[in-house]
Amino acid sequence: MSEKTKILIVEDEMIIAANISLQLTKLGYDVTGIVPRGEDALLHIEETKPDIMLLDINLKGKLDGIETAEAMQKTHNIPVIYLTANIDDDHFNRAKKTHPYGFISKPFKKLDLQRAIELTISQLNTKNSELNKTAEISNKPFILSDSIFVRHHNTMVKVNIEDILYIEAERNYCRIYSKTKEYLLVMTLKDLVEKLPSKYFLRVHRSFIVNLSQINEIGTSHVVIQKKAIPVSKAFKEELLKRLQTI
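So, a few notes on the structure that sits alongside this text. Note that the coordinates shown come from a computational prediction; the quantities given were computed from them, not determined experimentally.

Rules used in this analysis
Residues numbered from 1 in each chain as written. Predicted model: local features only at pLDDT ≥ 70, side-chain atom pairs only at ≥ 80, totals over all residues. Heavy atoms only, no water. Helix = DSSP H or I, 4+ residues; strand = E, 2+ residues; numbered from the N terminus. Polar contact = N/O pair within 3.5 Å; in protein donor to acceptor, adjacent residues only side chain to side chain. Contact = heavy atoms within 4.5 Å. Phe/Tyr/Trp six-rings, centres within 6.5 Å; stacked < 30°, edge-to-face > 60°. Buried < 20%, exposed > 50% of the residue type's maximum accessible area, 1.4 Å probe, protein only. Arc of directions from axis to C-beta. Pairing = 2+ DSSP bridges. Axes fitted to C-alpha atoms, helices over the stretch in contact; angles between N-to-C directions. Parallel < 35°, antiparallel > 145°, perpendicular 65-115°, else oblique. Left-handed = near helix turned anticlockwise from the far one by under 90°. Nonpolar A, V, L, I, M, F, W, Y, C, P; charged D, E, K, R; others polar.

**A closer look at the side chain of Thr98**
Then step 1. For Thr98, the location among the structural elements is in the loop between helix H4 (89-96) and strand S5 (102-105).
Then step 2. Engagement of the side chain of Thr98 in a polar contact is seen with the backbone oxygen of Ala95, the distance being 2.6 Å.
Then step 3. Once you skip the residues sitting within four places of it in the chain, Thr98 turns out to touch Ile66, Ala69, Glu70, Gln73 and Tyr82.

**Considering the packing of aromatic side chains**
Then step 1. By the definition in use, this model includes four aromatic pairs.
Then step 2. Ring plane angle 35° and centroid distance 5.6 Å describe the contact between Phe92 and Phe103, whose orientation is recorded as tilted. Of this pair, Phe92 sits in helix H4 while Phe103 sits in strand S5; the two residues are 11 residues apart in sequence, bridging distant segments of the chain.
Then step 3. Look at Phe103 and you get partly exposed, because its relative accessible area is 34%.
Then step 4. Both rings, one in Tyr166 and one in Tyr177, keep their centres 4.6 Å apart while their planes meet at 20°; by these two values the pair is stacked. Of the two residues, Tyr166 sits in strand S9 (residues 164-170) while Tyr177 sits in strand S10 (residues 173-178), which places them 11 residues apart along the sequence.

**So, helix H2 (residues 38-48)**
Then step 1. Every buried residue of H2 is listed here: Gly38, Ala41, His44 and Ile45. Down the axis, H2 shows its buried residues gathered within 110° of arc, on one side only. Away from its buried face by more than 90 degrees, H2 exposes Leu43 and Glu47.
Then step 2. Looking at the buried positions of H2, the neighbouring elements they touch are strand S1 (6-10), strand S2 (30-35), strand S3 (52-56) and helix H3 (65-72).
Then step 3. Looking one or two residues past H2, Lys49 carries a phi angle of roughly 50°, positive in sign.

**Section: the sheet that holds strand S14 (residues 217-218)**
Then step 1. Here three strands make up an open sheet; going across it, the order is S14-S15-S16 and the pairing antiparallel. Of all strands in the sheet, those bounded by a partner on one side alone are S14 and strand S16 (228-231).
Then step 2. As paired elements, S14 and strand S15 (residues 222-225) share two bridges and run antiparallel to each other. Paired with Glu217 across the two strands is Val224, which belongs to S15.

**Describing the packing of H2 against H3**
Between two packed helices, the angle of one axis relative to the other and the distance separating the axes together describe the packing.
Then step 1. Running from N to C, H2 and H3 point in directions that differ by 30°, and their axes come no closer than 9 Å. Between H2 and H3, the crossing angle belongs to the class labelled roughly parallel. Read as a crossing pair, H2 and H3 show a hand that is right-handed. On H3, the residues touching Gly38, Ala41, Leu42 and Ile45 of H2 are Thr68, Ala71 and Met72.
Then step 2. Taken together, the residues of the contact of H2 with H3 break down into five nonpolar, two polar and no charged.

Take a look at the structure:
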């Protein structure tokens, strides 16, 4: 993580909580707060959005640590590391259902705390990386000879190549303009132009790909498609004229 990892301590023994806070600060983490009650922790989460919760299982008050984790997980997905002096089978089985990232037994050593946090961060980074790869794969278009399948809401829809007018770059996204709809792809223009059939499509600007068969007019520094003026860079102008002569 490029920024400091934010950690919330939920512990009703204030001497232990203060010691944990001191150790975490020395290790370079950002302690968002120390709260003694589960109810207070739920309010604190809304304000500070911590990355990790260190949560005492045997909290006093309306909610114990496990109940606090269960309530938090209804609206947030914050990794929990439980703190406990001793834990019987009943509490362990209840805690296990909340899928904690670890347990730290009290009294603990600095190394125990350090390793538990580092392992949690490592698991988070791995999980986020896998999610990003999955999202990237699922959002890539499937390109056939006469059509392209793109993600639209929660489904893949077929767009005929002859219906695509032009494509515009929006940072790491591409917006496809067809005769009837617009589609947003999680893909750079550079990657997309390499996959599209060159027979129909040509990049004419750093931000635009056009369907050659849809061009209505050619100007000095632009083309017109469906009344939309699309800029043409000098670097692409010669290739554009060559291609138009051959279709």
